[in-house]
Amino acid sequence: MNNASARTDARAAVTVLGLGEMGFALAGAFLDGGHPTTVWNRSPEKADPLVARGAERAATARDAVAAGSLVIVSVKGNATARAVLEASGDALAGRSVLNLTDGTSAEARGVAEWVRGQGARYLHGQIMTIAPGIGAAETVVFYGGSDAVFHDFRPALRLIGGRGTLISADAGVPALYGMAVHGTMWGALNGFLHAAALLSSEGIEAKRFLDEAGPSVAALLGSFPMIADEVDRGEYATRFGALQHHLPSVEDLVRESRERNVDSEFPGHTLGLVTRAVEDGHGGDSYSRLVEYLRQF
Ligand SMILES: NC(=O)c1ccc[n+]([C@@H]2O[C@H](COP(=O)([O-])OP(=O)(O)OC[C@H]3O[C@@H](n4cnc5c(N)ncnc54)[C@H](OP(=O)(O)O)[C@@H]3O)[C@@H](O)[C@H]2O)c1
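Definitions and cut-offs
Residues numbered from 1 in each chain as written. Predicted model: local features only at pLDDT ≥ 70, side-chain atom pairs only at ≥ 80, totals over all residues. Heavy atoms only, no water. Phe/Tyr/Trp six-rings, centres within 6.5 Å; stacked < 30°, edge-to-face > 60°. Helix = DSSP H or I, 4+ residues; strand = E, 2+ residues; numbered from the N terminus. Buried < 20%, exposed > 50% of the residue type's maximum accessible area, 1.4 Å probe, protein only. Domains from an automatic or database assignment. Contact = heavy atoms within 4.5 Å. Salt bridge = Lys/Arg side-chain N within 4 Å of Asp/Glu carboxyl O. Polar contact = N/O pair within 3.5 Å; in protein donor to acceptor, adjacent residues only side chain to side chain. Nonpolar A, V, L, I, M, F, W, Y, C, P; charged D, E, K, R; others polar. Core = buried A, V, L, I, M, F, W, Y, C linked by side-chain atoms within 4.5 Å. Near = heavy atom within 4 Å. Areas by Shrake-Rupley, 256 points an atom, 1.4 Å probe, with all protein chains shown as cover.

Draft legend 1. Geometry of the packing of aromatic side chains. Summed over the entire model, instances satisfying the criterion amount to two aromatic pairs. Seen in terms of ring centroids, F142 and Y177 are 5.1 Å apart; in terms of plane orientation they differ by 65°. Their pairing is edge-to-face. With F142 in strand 7 (residues 140-145) and Y177 in helix 9 (residues 173-200), the pair connects residues that are 35 residues apart, well separated along the chain. Look at F142 and you get buried, because its relative accessible area is 12%.

Draft legend 2. Representation of the domain arrangement of the protein within the structure. The domain architecture assigned to the protein consists of domain 1 (3-170) and domain 2 (177-294). Taken together, the contact pairs six residues of domain 1 with five residues of domain 2. Connecting domain 1 to domain 2 are zero salt bridges. Where domain 1 meets domain 2, there are zero residue pairs in polar contact (both at pLDDT 80 or more). The class makeup of the residues in the side of domain 1 that touches domain 2 is three nonpolar, three polar and no charged.

Draft legend 3. Expanded view of the environment of S168. Locating S168 in the fold gives a position in strand 8 (residues 163-168). Apart from the residues within four sequence positions on either side, S168 is in contact with Y143, G144, G145 and V173. There is a polar contact of 2.9 Å between the side chain of S168 and the backbone nitrogen of D170.

Draft legend 4. Inspection of the nonpolar core at higher detail. Among the nonpolar cores identified, the biggest contains 30 residues, and L26, L98 and I160 are the most heavily contacted of them. Mapped by element, the contributors of at least two residues to this core are strand 1 (14-17), helix 2 (21-32), strand 4 (70-73), strand 6 (121-127), strand 7, helix 7 (147-152) and helix 8 (154-158). The element contributing the most residues to this core is helix 2, with seven residues. L98 has contacts with L70, V71, I72, V73, L123, H124, G125, Y143, L157 and I160, leaving out every residue within four places of it along the chain.

Draft legend 5. Local environment of the site of the ligand. Lining the immediate surroundings of the ligand are 21 residues, of which M22, N41, S43, K46 and D102 lie closest. Here an oxygen atom of the ligand sits 2.9 Å away from a polar atom, N or O, in the side chain of R42. Within the side chain of S43, one N or O atom sits 2.5 Å away from an oxygen atom of the ligand. For the ligand, whose accessible area on its own is 890 Å², the fraction buried by protein is 76%.

Now the structure itself:
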């Protein structure tokens, strides 16, 4: 046996079910990493370039599952992920399944329960990058589920992203982490794009604004640990910058938006939350008090 094949044999056999944009990138990363890689996709022609790079093409999902000790599924939606795995029948028993399909926490838990019922181990992963980021050292992946799968296949998981962490034994938690990142991102992006719309109504370029205001905007991230601490403790007392001081500024933003024919619904939502909290007697509290108005459970 030469050195190259010895290295390959030392790597786990990986199966990738689903060769969309993400599954294709994943299979490519395992091939580049020297793993024997078997691929299956509903539309089989998507496997052609991977086969040319050394992947095995399986005729059925069941054949693909039977070829891998680590079985990865990356398709559109967890109902599809489960259907693909169900088509594998008893081939799943004794294998390790890594589901990298996005969905809700309940959906992930549902697939986990079913997979474990087939005698297989289950790990769920939430990939926090787009396809070109697969394999990068800084790529974050949140894992939840089987500690044994996470540790047994650690070298293979590093090929997905260098910053993979097992955050919970519960397969549903990674989805929540992903949503929390995305929700924060969309909130910040919407705020910035609203600001850009407001500025452009005055002919000011967003880039020019950032040249001066960038440090103020960047400082916002620095306040998150303090906000997180207040939310976790459920204590919102503050000496400065209380909700009553936010209120007139939010009112100004809504009025300015209306006067310039810029959408006022987004800052209007903020105004509604701040107004309710102040009317409820929380005007002296930190902005983090608003989490109580966002919770509806
Ligand atoms: N693309 C990204 O940048 C990205 C980033 C993070 C996470 N993700 C997640 O990764 C997962 C896959 O996304 P993607 O971007 O690769 O999706 P995609 O490019 O739209 O590909 C969808 C995949 O699902 C398969 N599929 C759809 N319906 C099916 C069915 N009824 N039976 C069997 N296979 C079916 C498709 O097969 P066909 O080829 O036969 O249609 C294809 O392999 C999703 O959960 C997505 O949210 C993607």
